[in-house]
Number of protein chains: 2
Amino acid sequence: MPAKRPSPTVLREATRQARSFERVRQAHQREVAEDYVELIADLIDVTGEARAVDLAERLGVTNATVNAALNRLARDGLVTRQRYRSIFLTTEGRRLAEESRARHRIVRDALIKLGVDSETAEIDAEGIEHHISARTLAALREFLEGAGTP
Amino acid sequence: MPAKRPSPTVLREATRQARSFERVRQAHQREVAEDYVELIADLIDVTGEARAVDLAERLGVTNATVNAALNRLARDGLVTRQRYRSIFLTTEGRRLAEESRARHRIVRDALIKLGVDSETAEIDAEGIEHHISARTLAALREFLEGAGTP
DNA sequence: TATAAATTTTAGCTTGCACTAAATTTTGTC
DNA sequence: GACAAAATTTAGTGCAAGCTAAAATTTATA
Ligand SMILES: [Mn+2]
Ligand SMILES: [Mn+2]
Ligand SMILES: [Mn+2]
Ligand SMILES: [Mn+2]
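Source: prediction; values computed, not measured. (Residues numbered from 1 in each chain as written. Chains lettered and ligands numbered in written order. Predicted model: local features only at pLDDT ≥ 70, side-chain atom pairs only at ≥ 80, totals over all residues. Heavy atoms only, no water.)

### Regarding the coordination of the manganese ion (ligand 1)
All names here are of chain A. Around the manganese ion (ligand 1), the protein contributes the donor atoms Asp-35 (OD), Glu-126 (O), Glu-126 (OE), Glu-129 (OE) and His-130 (NE2), at 2.0 to 2.3 Å from the metal centre. Look at where the donors of the manganese ion (ligand 1) fall in the sequence and you get D-x90-E-x2-E-H. Between the manganese ion (ligand 1) and the manganese ion (ligand 2), the interatomic distance is 3.7 Å, and Glu-126 donates to each metal, bridging them. Placement of the pair is Asp-35 in helix α1 (residues 8-47) and Glu-129 in the loop between α5 (118-128) and α6 (134-145), with a sequence separation of 94 residues. Pair check on accessibility: Asp-35 and Glu-129 agree, each one buried. (Donors = N, O, S within 2.8 Å, 3.2 Å for Na, K, Ca; no water. Helix = DSSP H or I, 4+ residues; strand = E, 2+ residues; numbered from the N terminus. Buried < 20%, exposed > 50% of the residue type's maximum accessible area, 1.4 Å probe, protein only.)

### Quick notes on the UniProt feature "domain: HTH dtxR-type" (unreviewed entry) in chain A
As recorded in UniProt, the sites labelled "domain: HTH dtxR-type" (unreviewed entry) are residues 30-90 of chain A. Along residues 30-90 of chain A the backbone is 64% helical and 7% strand, and the end-to-end C-alpha distance reaches 16 Å. (UniProt positions renumbered as here; feature names shortened; annotations may be inferred.)

### A closer look at the coordination of the manganese ion (ligand 2)
Protein-derived coordination of the manganese ion (ligand 2) comes from Glu-38 of chain A (OE), His-104 of chain A (ND1), Glu-126 of chain A (OE), Glu-129 of chain A (OE) and Glu-129 of chain A (OE), at a distance range of 2.3 to 2.8 Å. Written as a sequence motif, the donor arrangement for the manganese ion (ligand 2) is E-x65-H-x21-E-x2-E.

### Some remarks on the protein's contact with DNA strand C
Around DNA strand C, a shell composed of 21 residues is seen, among which Val-53, Asn-63, Asn-67 and Arg-81 of chain A together with Arg-72 of chain B lie nearest. Close to the protein, within 4 Å, the atoms of DNA strand C belong to sugar or phosphate groups at a rate of 80%. Note that a phosphate oxygen of DNA strand C is positioned 2.8 Å from one of the side-chain N or O atoms of Arg-83 of chain A. When contributions to the surface near DNA strand C are tallied by element, the ones reaching two or more residues are α2 (52-59) and α3 (63-75) of chain A together with α3 (63-75) of chain B. Here the residues of the surface near DNA strand C sort into 9 nonpolar, 5 polar and 7 charged. (Near = heavy atom within 4 Å. Polar contact = N/O pair within 3.5 Å; in protein donor to acceptor, adjacent residues only side chain to side chain. Nonpolar A, V, L, I, M, F, W, Y, C, P; charged D, E, K, R; others polar.)

### Remarks on the relation of the copies chain B and chain A
For the pair chain B and chain A, the relating rotation is 180°, the translation along its axis is 0.0 Å, and the fit reaches an RMSD of 0.0 Å. Considering both components of the superposition, the chain copies are consistent with a two-fold axis. Within chain B, Ile-128 of chain B has its C-alpha nearest the rotation axis, a separation of 2.6 Å. In this assembly, 100% of the residues forming the interface of chain B have copies in chain A that are likewise at the interface, indicating an isologous arrangement. (Least-squares fit on C-alpha atoms with pLDDT ≥ 70 in both. Contact = heavy atoms within 4.5 Å.)

In structure tokens form, the structure reads like this:
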């Protein structure tokens, strides 16, 4: 097969594409942290405390998996823990939780406004939310501010 | 702290939420495969063949990473390979590539129609595309069919 | 207050996906 | 055709995130 030398245009397109994939990989690195702190904040608001067993149930994973994840979150300064006690968010953790929660709602509501049933919107939003840039978030906000469905 | 017994309503909400997270984890398992077959199909269309070195450049990872990923894709029946030769898609791989490509375009175009600049739309679509259910895809399609921006 | 149940933690295992460095093979050029 | 360059593959490493099974600790109950 002929190994044609790529034109400058194709080269630039390749690095542009590479940047997109790098962004996606970075989003994946933040993803677990965002879901955990959002869940922890919700549990604290609703039940008064966040226990590992409740996180495990809502995430659909085992206690051991949650424990390991919480160790990483503590290492990264998002939660504080005392052995055998429930979990607390640091200031930075609470900040990330608020931000994630707001974005989650906007994505879900935008999907609903686009005609997706709320059950499906909730499911899809759980994955989509981590890949929404500031610009896209702003666009969704504006879309939601526009006239509702008649 | 009081360990209040959760009400049935909270219990059902917990399993509903767990299902969302399970869906996201499943999407992540398909994600690499979808990106690779889509890229391979594009390279075959544009340059006539798909070489590992081109995949690596466009993905922003090393040759070794691409090689390992291709081994998994071959194991899963999405590509065929001969040692030191370029990569081919199986029928199933081509099917997945077409599907991924179509979904990618719809997500990107929907973002653009929502007012996102095309550069940002392309970046965000690369992550969002893997978390779009059939129902949401249908909603985006309808949204795109509606009247364009005046 | 003993004992049982629930919860948290630890230990050990697996897979995916990223890396570097080096070996192997193919491709291009003189 | 020899040699250099490019591409592919292998080997070895590390971390994230899932699992099961068992140990440690706390909480609830008889
Ligand atoms: Mn999420
Ligand atoms: Mn969320
Ligand atoms: Mn993608
Ligand atoms: Mn894509």
